[in-house]
Amino acid sequence: MLEPIKPKFPLAQSLNRVPFILQILVGMILGIVIALIYPYDTSILPTIGNLFVKGLKSVAPFLVFVLVSAAIARHQTGVQSNIKPVIVLYFVSMLCASSLALFMSYTFPSTFTELKDVTEGISPPKGIGEVLSNFVNQAIDNPFTALIQGNYICILIWAIALGWTFRAAGDTTKRVLEDLSESVSSVVRMVIRFAPLGVMGLVYNSCTQPGGFSNLLNYVHVVVVLVATMLIIAFGINAIIVGIVTRSNPFPLIITCCVRSGLTAFFTRSSAANLPVNLELCERLKLPRSTYTITIPLGCTINMSGAGVTIVIMTMAAVHTLGIQVDVWSSLLMCIVSVLCACGASGVAGGSLMLIPLACSIFGISNDIAMQIVGIGFIIGVVQDSTETALNSSTDVLFTAAACRRAERIARAKGLKTQRELEDAAAVGMPSEATEEYAAAASAARPVEAPQDKND
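Here the structure is a predicted model, which means the values were calculated and not measured. (Residues numbered from 1 in each chain as written. Predicted model: local features only at pLDDT ≥ 70, side-chain atom pairs only at ≥ 80, totals over all residues. Heavy atoms only, no water.)

Engineer: How should the overall build of the protein be read in this particular structure?
Structural biologist: A count of helical and extended segments in the protein gives 19 helices and 0 strands. Classification of the 456 residues of the protein by burial places 51% in the buried group. In the protein, of all internal contacts separated by at least 6 residues, the share reaching a separation of at least 24 is 84%. Here the protein has roughly 20700 Å² of accessible surface; of this, 67% comes from carbon and sulfur atoms. (Helix = DSSP H or I, 4+ residues; strand = E, 2+ residues; numbered from the N terminus. Buried < 20%, exposed > 50% of the residue type's maximum accessible area, 1.4 Å probe, protein only. Contact = heavy atoms within 4.5 Å. Areas by Shrake-Rupley, 256 points an atom, 1.4 Å probe, with all protein chains shown as cover.)

Below, the structure is given as structure tokens:
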């Protein structure tokens, strides 16, 4: 794997010492202050915001292509059977989260005023049949044309197909693909470093447009909907899932995970940085090491309930703003796509925001408009991104603990030793049947490569 490039310039090193979330907050404040003092600039600051959006737009198609291909190519078969319940919980949670986000989008619809006049050239589908027809027509295309035009459906199909075939390739070829993925991600990180300036320009442009500072109230509305949805998932949906799996009161475990994992992830905005915290918490909860050493890094990659929520709510905000009539089945299709896209969001700088264009394309929304939604996402990312990361990271431990406690309950009902008890017996060198039983249970365990940053 390629090592991340560390900046050598003193200014860049100084900026790296300042938390990125604080830099974006400063950019927002500067945009508002400059708009109050001098609201007549129509060239410099608006151009800075537009250049930032164009930079994201230019790199996003190729980024999605290489990330999905690399993720599928490096997939390892033969996952332990005791890991499967955790993976099932991950996907059930993401589907429920996306469905709740869809319900919240219809119940409390958000709109973006600056998009209301950008309706030219939009041909919204008239039903699920047309959506599926458009999906198939977009999927079959020249891959180079798709990359140039930002046809994310076709990009996704080609990425899946090539990633699947690369699974049979040699380790050297897979490493090249992985290095390519990391290199493109590094380019995106360079673009993202200009987010404070881009946010300053976008906020200034919003404040100086007709409607002025009232435009920012729309951002407050969508932030409240996003945060409320994630809180309902954390303390409502997840509580129901964990309660069904463990057949016990889920709230002590949920509160423990939120306090010991979620708070740290909220301020670091990085699930990869929070990985040691999660591993230590699993050990504190006395979970089987052969399970959580796999499921926690795996959760950093595929457990993306918060990302699914962001993709659905931001996409539906664009749909409501543009007046596109969407039926229930088309919306459910978008939820499924958002779940699949969210699983790849861990490798994307900017996370779920960079995958919004793929969901927007289902409803005939152009790439230009979708990238404006991404720009708005960076403005509200001060709160949205931190909350999303906290939800994603804390549920990694939550569902791992729930699946392990279910396995313990079943083992005790059968009069067998739990996996943790077998591991502890092996750790003290107990020469018994327990040691042999543990060796057989843990023989399939393999070291897990550290995940990419699930920074949203």
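Engineer: Explain the packing of helix H14 (residues 305-322) against helix H17 (residues 367-413) to me, please; I cannot follow it from the model alone.
Structural biologist: Between two packed helices, both the angle of their axes relative to each other and the distance between the axes serve to describe the pair. Close contact between H14 and H17 brings their axes to 10 Å; oriented N to C, the two are set at 150°. Both H14 and H17 take part in a crossing whose hand is right-handed. Residues Ser 305, Gly 306, Ala 307, Thr 310, Met 314, Ala 318 and Leu 322 of H14 form the contact with H17, whose own contacting residues are Ile 369, Ile 373, Ile 376, Gly 377, Ile 380, Gln 384, Glu 388, Leu 391 and Asn 392. Of the residues that constitute the contact of H14 with H17, the class distribution is 9 nonpolar, 6 polar and 1 charged. (Axes fitted to C-alpha atoms, helices over the stretch in contact; angles between N-to-C directions. Left-handed = near helix turned anticlockwise from the far one by under 90°. Nonpolar A, V, L, I, M, F, W, Y, C, P; charged D, E, K, R; others polar.)

Engineer: Help me understand a nonpolar patch on the surface, please; the structure alone is not making it clear to me.
Structural biologist: Where nonpolar side chains cluster on the molecular surface, the patch consists of Val 18, Leu 22, Leu 25, Val 26, Ile 29, Leu 30, Val 33, Leu 36, Ile 37, Tyr 38 and Tyr 40 and spans about 1000 Å² of accessible area. Summarising the element assignment, Val 26 is placed in helix H2 (residues 20-37). Judged by relative accessible area, which is 41%, Val 26 ranks as partly exposed. (Patch = residues over 30% accessible without salt bridge, like charges linked within 9 Å, V, L, I, M, F, W, Y side chains within 5 Å. Salt bridge = Lys/Arg side-chain N within 4 Å of Asp/Glu carboxyl O.)

Engineer: I'm lost on the nonpolar core in this one. Help?
Structural biologist: The nonpolar side chains of a soluble globular protein tend to be buried with one another. Residues Leu 56, Met 314, Ile 365 and Phe 378 are the most contacted members of the largest nonpolar core, which totals 110 residues. Residue contributions to this core peak at 18 residues, all from H17. Among residues more than four places away in sequence, those in contact with Met 314 are Phe 112, Val 222, Leu 226, Ile 356, Ile 373, Ile 376, Gly 377 and Ile 380. (Core = buried A, V, L, I, M, F, W, Y, C linked by side-chain atoms within 4.5 Å.)

Engineer: Please explain the environment of Val 222 as it appears in this structure.
Structural biologist: Looking at the element boundaries, Val 222 is found in helix H10 (residues 215-246). Dropping the residues within four chain positions of it, Val 222 is found in contact with Ser 110, Phe 112, Ile 313, Met 314 and Ile 380.

Engineer: What am I meant to see in the packing of aromatic side chains here?
Structural biologist: Centre distance and the angle of the planes are the two values used to describe a pair of aromatic rings. Within this structure, the stated rule accounts for 4 aromatic pairs. A centroid spacing of 5.4 Å and a plane angle of 80° characterise the contact between Tyr 38 and Tyr 40, whose relative ring orientation is edge-to-face. Tyr 40 gets classed as exposed once you look at its relative accessible area, which sits at 60%. The residue whose ring lies beneath Arg 167 is Trp 164, and the NZ or CZ to ring-centre distance is 4.6 Å. (Phe/Tyr/Trp six-rings, centres within 6.5 Å; stacked < 30°, edge-to-face > 60°. Lys NZ or Arg CZ within 6 Å of the ring centre and 35° of its normal.)

Engineer: Please explain unusual backbone geometry as it appears in this structure.
Structural biologist: Peptide bonds are trans in most cases, and residues, glycine excluded, mostly fall at negative phi. A positive phi is found at Arg 247, a non-glycine position, where the angle reads about 55°. With respect to the helices and strands, Arg 247 occurs in the loop between H10 and helix H11 (251-268). Even without being glycine, Lys 286 reaches a positive phi, approximately 60°. For Lys 286, the position within the fold is in the loop between helix H12 (275-284) and helix H13 (289-302).

Engineer: Got a minute to help me understand the packing of H12 against H17 in this structure?
Structural biologist: Packing of H12 against H17 brings their axes to within 10 Å, and their N-to-C directions diverge by 25°. Overall, the two elements H12 and H17 adopt an arrangement that is roughly parallel. When the axes of H12 and H17 are compared, the crossing they make is right-handed. Between H12 and H17, the contacting residues are Asn 278, Leu 281 and Cys 282 on the first element and Ser 393, Asp 396 and Val 397 on the second. Class assignment of the residues belonging to the contact of H12 with H17 gives a composition of 3 nonpolar, 2 polar and 1 charged. (Parallel < 35°, antiparallel > 145°, perpendicular 65-115°, else oblique.)

Engineer: Explain helix H9 (residues 195-208) to me, please; I cannot follow it from the model alone.
Structural biologist: Every α-helix winds through 3.6 residues per turn, so residues three or four apart in the chain are directed the same way. If you check H9, its first and last C-alpha atoms are 20 Å apart, about what 14 residues at 1.5 Å a residue would give, namely 20 Å. Of all the residues in H9, the buried ones are Ala 195, Pro 196, Gly 198, Val 199, Met 200, Gly 201, Leu 202, Val 203, Tyr 204, Ser 206 and Cys 207. (Expected span 1.5 Å × (residues − 1).)

Engineer: Honestly, the UniProt feature "transmembrane region" (unreviewed entry) in the protein in this entry has me stumped. Any pointers?
Structural biologist: Mapped onto this structure's residue numbering, the UniProt feature "transmembrane region" (unreviewed entry) falls at residues 20-38, 58-75, 87-108, 146-166, 216-241, 292-319, 331-356 and 362-383. The distance separating the terminal C-alpha atoms of residues 87-108 is 31 Å; by composition the span is 95% helix and 0% strand. This span, residues 362-383, is 77% helix and 0% strand, and a straight line between its end C-alpha atoms measures 27 Å. (UniProt positions renumbered as here; feature names shortened; annotations may be inferred.)

Engineer: I keep staring at the environment of Gly 236 and nothing clicks. Help me out?
Structural biologist: Residue placement: Gly 236 occurs in helix H10. The exposure class assigned to Gly 236 is partly exposed, which follows from its relative accessible area of 25%. Spatially, the C-alpha atoms of Gly 236 and Phe 251 are 9.7 Å apart, while their sequence positions differ by 15 residues.

Engineer: What is the right way to read the pattern of salt bridges from this model?
Structural biologist: Opposite charge on two side chains permits pairing when their charged atoms draw close. Enumeration over the complete set of coordinates arrives at 2 salt bridges. Close ionic contact of Glu 280 with Arg 284 constitutes a salt bridge, the shortest N to O distance being 3.2 Å. Of the two residues, Glu 280 and Arg 284 both sit in helix H12, 4 residues apart, roughly one turn of that helix. Judged by its relative accessible area of 47%, Arg 284 is partly exposed. Note that Arg 412 and Glu 408 form a salt bridge whose closest N and O atoms lie 3.9 Å from each other. With a gap of 4 residues between them, Arg 412 and Glu 408 both fall in helix H17, about one helical turn apart. Overall, the relative accessible area of 16% leaves Glu 408 in the buried class.

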